[in-house]
Number of protein chains: 2
Amino acid sequence: MSLFSEISEQPERIQSLLNTQRKAVEQIAAAIRGRDISYAFLAARGTSDNAGRYANYLWGARNGLPLALATPSLFTYYNQPPKLKNALVVGISQSGQSPDIVSVLEEGRKQGSVTLAITNEPNSPLASAADFVLDIQAGPEKAVAATKTYTTELMVIAMLSVAMNGDRNDWKDLGQVSKWMKQTLKQNDLIEQAAQRYRYMRQCVVLGRGFNYATAFEWALKLKELTYVEAEPYSSADFQHGPIAMVERGFPVMVVAPQGKVFASMLDLMARLRKDILAELLVISNAKKALSLAQVPFTIPVEMPEWLTPLVSILPAQLLAYHLTRAKGFNTEAPRSIRKVTETK
Amino acid sequence: MSLFSEISEQPERIQSLLNTQRKAVEQIAAAIRGRDISYAFLAARGTSDNAGRYANYLWGARNGLPLALATPSLFTYYNQPPKLKNALVVGISQSGQSPDIVSVLEEGRKQGSVTLAITNEPNSPLASAADFVLDIQAGPEKAVAATKTYTTELMVIAMLSVAMNGDRNDWKDLGQVSKWMKQTLKQNDLIEQAAQRYRYMRQCVVLGRGFNYATAFEWALKLKELTYVEAEPYSSADFQHGPIAMVERGFPVMVVAPQGKVFASMLDLMARLRKDILAELLVISNAKKALSLAQVPFTIPVEMPEWLTPLVSILPAQLLAYHLTRAKGFNTEAPRSIRKVTETK
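Residues numbered from 1 in each chain as written. Chains lettered and ligands numbered in written order. Predicted model: local features only at pLDDT ≥ 70, side-chain atom pairs only at ≥ 80, totals over all residues. Heavy atoms only, no water.

Caption draft 1: Local environment of the relation of the copies chain B and chain A. Rotating chain B by 180° about the axis while translating it 0.0 Å along that axis superimposes it on chain A, leaving an RMSD of 0.0 Å. Those values place the two copies in the arrangement expected of a two-fold rotation axis. Identified as the residue of chain B closest to the rotation axis by C-alpha distance is Ala68(B), at 1.9 Å. Looking at chain B, 100% of its interface residues are interface residues in chain A too, so the copies touch through the same face. (Least-squares fit on C-alpha atoms with pLDDT ≥ 70 in both. Contact = heavy atoms within 4.5 Å.)

What follows is the structure in structure tokens.
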């Protein structure tokens, strides 16, 4: 099974990336520092778009860099691209093939912006269109549902953030992610058993906030692609501005809520969902208070700094999606209606 | 019923806005033109965030202004706001009360950016925090689910776009929106009947692209808030990068696809959904080819320019949500678990 082995090899992949690509990342960071950049403008689809959501929070919080998610149709169908003065234009794509993402980088280059491609294919059209290329080196990903290319994308995004700031202690923290991933993957048997509970689940919501807003989106995408469950992701704040009305007694709510700055607000919401609305909670966390509210708790290591938790908190979610796909009798390698490389304009 | 009367009064509200606020909008546009602005940075929640999605496409396509959606938690919980040099900082909120949105404007002002509040409450904390205020003048909105404040927000966003470009013909087009809205609302009886078909629907997806990406999000939000259906919105491109796997025979897909630049791509996808996957389609369009693919078609006027269709295409969606709420026996005025003013940090 490619999917299971691709999930399992993530600790090695991100460690090897850290070992071999640090210099390349530092060179790119230095080149970016020399330019007058006010914001990042990022184009991506699917899983890579979720990696972009991590960049949105990480680069914003740690590097003071605001991030706009591109609207590729303005570059393709409308042919009315915005002015990209002072932008760092970033494209993220596993295959580097999707024409809409390539268009955004080509336009950025045409307008004289700094362009960066993050891809698993350094010989792709996306890489050719960019001034700088970060190769995520995930190796061939055979399963249609992306797993290791997501976490390697997160890793280069984090490495670039650290390189832009130049803090040595942060590099040390990055060096521990592989170990934290291995610890987390040890819950595989427990997650396989827990997946049985969701055999007949048709719909759910997935909540996260701050750095783990990205995790909520990627978790939901894995559930949709693999298990065909209608899983809708939300920031816990947006969720309270309307969609919470949908939740009734027993409705499944999945939450990623590690310790950190947004934890207290997530805990308040979980308590309301569990105690007032009587929803069902599945929680990924490293905080006892959150885990004890859940019917089904999955843990990540306690000692992780919040900004790196997205690299690890997605692993139980990937395993859950994998085992639930098997429990439902669906194909883990090639879901219906989608292919590995989707080319949209 | 406040909700029904608020839906019905939209043609008058947007016309009165156009008649009374043009000068204020032109003054703001002139002030913005004098500043060195590279991009807009926009904070909003819920329905107002969907209005922000319209600004993202409209200002990008017609004014060359890229737009970043703010990540309010960086301003509140993390206290690590990004640098907003060269940004036009915009906050949209019906009530002007939500502390997270106010925080973004306060930070923008602190950093010396140009700040703009779009609100129904010109005496609110949001308005106080801004250099410029656009009053949407929707009158009191009593129903918890926002309708007329959405279209009036769209209208001031469109007016500001036109004022920034200064094209007289565009003002003429804006002057016709009220008439197009009235024509569209005449389908009320037909929509009431059609709503019966969805009495037992539990989940669906809602697709749109380009200018009507916003419509897909707002349509889905009304279904979730009012009918408790798990309705998930997508760009038709993102949908094909994974979530389409969820759709099986008979699965309800709602599509907003007026004539325009993205229409051909939407039509391809609709044909695939209907003919290959055998999904069920509800379509809002002014193109026969699209309407004839649908089990349930709702129309908008043929002569509308694409960039203004979001102001009108949301009306059948609002009516559908209203009548389906009644068909399901739920409360159209005050949905469970949410209040009119949600204050998140």
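Caption draft 2: Region of interest: the side chain of Lys328(B). Among the secondary structure elements, Lys328(B) is positioned in the segment after helix 14 (309–327). Put simply, Lys328(B) is tucked away with no salt bridge, and the nearest opposite charge, on Glu248(A), sits 8.9 Å away. Ignoring any residue separated from it by four or fewer positions in sequence, one finds Lys328(B) in contact with Tyr198(B), Arg199(B), Met201(B), Thr227(B) and Val229(B). (Helix = DSSP H or I, 4+ residues; strand = E, 2+ residues; numbered from the N terminus. Buried < 20%, exposed > 50% of the residue type's maximum accessible area, 1.4 Å probe, protein only. Lys, Arg positive; Asp, Glu negative; His and termini not counted. Salt bridge = Lys/Arg side-chain N within 4 Å of Asp/Glu carboxyl O.)

Caption draft 3: The sheet that holds strand 3 (residues 87–93) of chain B, seen in detail. Residues and elements named next belong to chain B. One open sheet holds the five strands; their spatial order is 2-1-3-4-5, and the pairing between them is parallel. Two strands close off the open sheet at either side, each with one partner strand: strand 2 (67–69) and strand 5 (132–135). Pairs of neighbouring strands in the sheet enclose a mean axial angle of 20°, with direction left out of account. As judged from the six bridges shared by strand 3 and strand 4 (residues 114–119), these two strands associate in the parallel manner. Its bridge partner being in strand 4, Ile92 is matched across the sheet by Ile118. Along the sheet face, helix 4 (residues 99–110) touches strand 1 (39–43), strand 3 and strand 4 and points at about 155° away from the line of strand 3. (Pairing = 2+ DSSP bridges. Axes fitted to C-alpha atoms, helices over the stretch in contact; angles between N-to-C directions.)

Caption draft 4: Spatial organisation of the sheet that holds strand 10 (residues 296–299) of chain B. Residues and elements named next belong to chain B. Spatially, the five strands line up as an open sheet ordered 7-6-8-9-10, and their pairing is parallel. In this open sheet, the two edge strands, each paired with only one partner strand, are strand 7 (230–235) and strand 10. Across this sheet, the average inter-strand angle for adjacent strands is 15°, counted without regard to direction. Taken together, the six bridges between strand 6 (residues 203–208) and strand 7 define a ladder with parallel strand orientation.

Caption draft 5: Examining helix 14 (residues 309–327) of chain A more closely. Residue and element names in this part refer to chain A. Taking 1.5 Å per residue, 19 residues should reach 27 Å; helix 14 reaches 28 Å between its end C-alpha atoms and fits that length. Counting buried residues along helix 14, 17 of its 19 residues qualify, which places the element largely inside the surrounding structure. Looking one or two places after helix 14, you find Gly329, whose phi comes out positive at around 80°. (Expected span 1.5 Å × (residues − 1).)

Caption draft 6: How the structure looks around the pairing of strand 3 of chain B. Residues and elements named next belong to chain B. For strand 3, a buried count of seven out of seven residues is recorded, marking the element as mostly surrounded by other parts of the structure. Burial of the side chains of strand 3 extends over both faces: Ala87, Val89, Gly91 and Ser93 are buried on one face and Leu88, Val90 and Ile92 on the other. Of the pairings in the sheet, the one linking strand 1 to strand 3 comprises five bridges and is parallel in character. Of the residues in strand 3, the one forming a bridge with Ala40 is Leu88.

Caption draft 7: Fine view of the nonpolar core. One finds Trp59(A), Trp219(A), Leu273(A), Trp59(B) and Trp219(B) to be the most contacted residues of the largest nonpolar core, which totals 245 residues. Ignoring any residue separated from it by four or fewer positions in sequence, one finds Trp59(B) in contact with Ala40(B), Gly64(B), Leu65(B), Leu67(B), Val90(B), Ile157(B), Leu160(B), Ser161(B) and Met164(B). In this structure, Ile338(A), Phe239(B), Val253(B) and Leu291(B) belong to the second largest nonpolar core, which totals 30 residues. (Core = buried A, V, L, I, M, F, W, Y, C linked by side-chain atoms within 4.5 Å.)

Caption draft 8: The arrangement of the packing of helix 10 (residues 213–227) of chain B against helix 14 of chain B in detail. Residues and elements named next belong to chain B. For the pair helix 10 and helix 14, the least separation of the axes is 9 Å and the interaxial angle reads 15°. It follows that helix 10 is roughly parallel to helix 14 by the angle criterion. As for how helix 10 packs across helix 14, the hand of that crossing is right-handed. Contacts from Thr215, Glu218, Trp219, Lys222, Leu223, Leu226 and Thr227 in helix 10 reach Pro310, Ser313, Ile314, Ala317, Leu320, Ala321, Leu324 and Thr325 in helix 14. Here the contact of helix 10 with helix 14 is built from residues that sort into nine nonpolar, four polar and two charged. (Parallel < 35°, antiparallel > 145°, perpendicular 65-115°, else oblique. Left-handed = near helix turned anticlockwise from the far one by under 90°. Nonpolar A, V, L, I, M, F, W, Y, C, P; charged D, E, K, R; others polar.)

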